[in-house]
Amino acid sequence: MSADAPITQDVMTIPRKVPEGPVNLVGMTRDAMRDALIAMGTPEKQAKMRVGQIWQWIYQWGVRDFDAMTNLSKAFRAELTEAFVIEIPEVVSKQVSTDGTRKWLVRIAGGHEVEVVYIPEEGRGTLCISSQVGCTLTCSFCHTGTQKLVRNLTAGEIVGQVMMARDDLDEWPEHGKRTEDARLLSNIVLMGMGEPLYNFENVRDAMKIAMDPEGIQLSRRRITLSTSGVVPEIARTAEEIGCQLAVSFHATTDEVRNKLVPINKRWNIAELLDALRTYPKVSNSERITFEYVMLDGVNDSDEDAHRLVELIKGIPAKINLIPFNEWPGAPYKRSSNNRIRAFSEIVYKAGYASPVRKPRGEDIMAACGQLKSATERARKSRREIAAETGLN
Ligand code: SAH
Ligand code: SF4
């Protein structure tokens, strides 16, 4: 592949519905669940009510066993047990950092593994979830980008990560109760492995389930989707999901961004900014988060900071500065603390919040861009990455 070749998407999509054997209810939309119940023989008139009941058991109280669903008749529960399962990814290992950050490795169908990270904060906590195994994109500073895309996660596997974390945090309310407002798991960020907008439908369905008021009931303001800049899907995210948006901006000229975030060769900075300008209005959300990884001598000059604030003028924004998380063999170094501070200062003086992301869970390699399953063998070669990103 030449350096100028367009970024093509090579996504192996697995079927969204399993045709035979017990079907997993986790990840189905309410409509899909209704259809599945009718196909099983539930009278159409009752189907909506039954969905409501099953939904609450699964997503409000975290129940995985049909027999525990005591407001359903025994006969109906037996039918459900025949036709369906309630399954979430299986935890393979768990690490807890000295700062309380938790990292789980979970196994999904086919034996693949993805990482999920929980970051506790004062009065809240953020879960960082994955949307793909690997990534088709090849951002040159990102560890996940060195791993080939294996497959998209299903909606069940995406919302299943949230359910797994609630299990581990022991945060399902008692039967009949609702979750209190003060939650351990209060926010979700789609900042783990993969590009969420290259798995749009599954991410959307999973986040709709997480937002459903009769279940996990997280407000759309507490869910942040991070994209590298899949421009055509940004408007759709505003309309169909309506969550908060973060964008991996990382550079202030097309020349540098082409190297750092190669999807920029397909949709450049100007096109990306156009899409971002309309996002807050359509989604009725507040600010867009611009993620900016601080790479020593690459994108961290005062000129970059000035260019950045010029570029985003008129967009309600917050700039999240991420000190580069180094990984073995990475072609970059982290900017110095002084450089990061100076950059942050310029952005702040221009009127934008410019927090520097605090490294968390460093002792367990839980930081952004370091998530990569140790067991995946499908690796891109260094030559492949260099060719795809135009880095030499
Ligand atoms: N694919 C999506 C979401 C996953 S990456 C995206 O690119 O936005 C989540 C964030 O971590 C992105 O902003 C990404 O650019 C950043 N990131 C990746 N590798 C990193 C590293 N080594 N150090 C710091 N941030 C990194
Ligand atoms: Fe993929 Fe995001 Fe990593 Fe880029 S930064 S390679 S889009 S996971």
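As annotated in an unreviewed UniProt entry, the chain carries the name Dual-specificity RNA methyltransferase RlmN and comes from Pseudosulfitobacter pseudonitzschiae. As its UniProt record puts it under Subcellular location (unreviewed entry), the chain is described as follows: "Cytoplasm". One UniProt comment on the chain, placed under Sequence similarities (unreviewed entry), says "Belongs to the radical SAM superfamily. RlmN family."

Asks: Mind laying out the site of ligand 2, listing which residues take part and the relevant values?
Replies: Every residue near ligand 2 is listed here: Cys135, Leu137, Cys139, Cys142, Gly145, Gly194 and Ser228. Its residues assigned to classes, the shell around ligand 2 comprises four nonpolar, three polar and no charged.

Asks: Residue-level account of the pattern of salt bridges, with values.
Replies: According to the stated counting rule, one finds 22 salt bridges in the structure shown. The salt bridge involving Asp167 is made with Arg64; its shortest N-O contact spans 2.9 Å. Here Asp167, found in helix α4 (residues 155-169), pairs with Arg64, found in the loop between α2 (44-60) and α3 (74-83); they are 103 residues apart in sequence, far enough to count as distant. Accessibility expressed as a relative area gives 25% for Arg64, which makes it partly exposed. When the shortest N-O distance is used, the salt bridge between Arg307 and Asp304 registers 3.0 Å. Here the residue Arg307 and the residue Asp304 both occupy positions in helix α9 (residues 302-311), the gap between them amounting to three residues, near one helical turn.

Asks: Tell me about the environment of Thr98, and name the residues and values.
Replies: Looking at the element boundaries, Thr98 is found in the loop between β3 (90-96) and β4 (102-107). Thr98 sits in the exposed class, given a relative accessible area of 78%.

Asks: Lay out the packing of aromatic side chains with the relevant residues and their values.
Replies: All chains considered together, the criterion is met by five aromatic pairs. Centroid distance Phe249 to Phe290: 5.2 Å. Interplanar angle 80°. Geometry classified as edge-to-face. In this pair, Phe249 is assigned in the loop between β11 (244-248) and α7 (254-260) and Phe290 in strand β12 (residues 288-294), connecting sequence segments 41 residues apart. An identical accessibility class is assigned to Phe249 and Phe290; each is buried. The ring of Phe76 carries Arg50 above its face, with NZ or CZ at 5.5 Å from the centroid.

Asks: Requested: an account of the confidence of the model for the chain, with residues and values cited.
Replies: Residues shown with low pLDDT carry predicted positions that ought not to be read at fine detail. Averaged over every residue, the pLDDT of the chain is 88; the share at 70 or more is 88%. In the predicted structure, residues 1-19 sits below a pLDDT of 50 and forms 30 contacts with residues beyond four places in sequence or in another chain. Across residues 373-379, confidence stays below pLDDT 50; counting only partners more than four residues off in sequence or on other chains, it has 17 contacts.

Asks: How would you sum up the UniProt feature "active site" (unreviewed entry) in the chain? Please name residues and give values.
Replies: Residues annotated by UniProt as "active site" (unreviewed entry) correspond here to Glu115 and Cys368. Lining residues of the largest pocket drawn from the annotated set just named are Cys368. One can find Glu115 in strand β5 (residues 113-121). Overall, the relative accessible area of 7% leaves Glu115 in the buried class. For Glu115, the side chain forms a polar contact with the side chain of Lys103, separated by 3.5 Å.

Rules and cut-offs
- Residues numbered from 1 in each chain as written.
- Chains lettered and ligands numbered in written order.
- Predicted model: local features only at pLDDT ≥ 70, side-chain atom pairs only at ≥ 80, totals over all residues.
- Heavy atoms only, no water.
- UniProt positions renumbered as here; feature names shortened; annotations may be inferred.
- Near = heavy atom within 4 Å.
- Nonpolar A, V, L, I, M, F, W, Y, C, P; charged D, E, K, R; others polar.
- Salt bridge = Lys/Arg side-chain N within 4 Å of Asp/Glu carboxyl O.
- Helix = DSSP H or I, 4+ residues; strand = E, 2+ residues; numbered from the N terminus.
- Buried < 20%, exposed > 50% of the residue type's maximum accessible area, 1.4 Å probe, protein only.
- Phe/Tyr/Trp six-rings, centres within 6.5 Å; stacked < 30°, edge-to-face > 60°.
- Lys NZ or Arg CZ within 6 Å of the ring centre and 35° of its normal.
- pLDDT = per-residue confidence, 0-100.
- Contact = heavy atoms within 4.5 Å.
- 1 Å grid on protein atoms, 1.4 Å probe; cavity = no way out; pocket = protein on both sides within 12 Å on 5 of 7 lines; lining within 4 Å.
- Polar contact = N/O pair within 3.5 Å; in protein donor to acceptor, adjacent residues only side chain to side chain.

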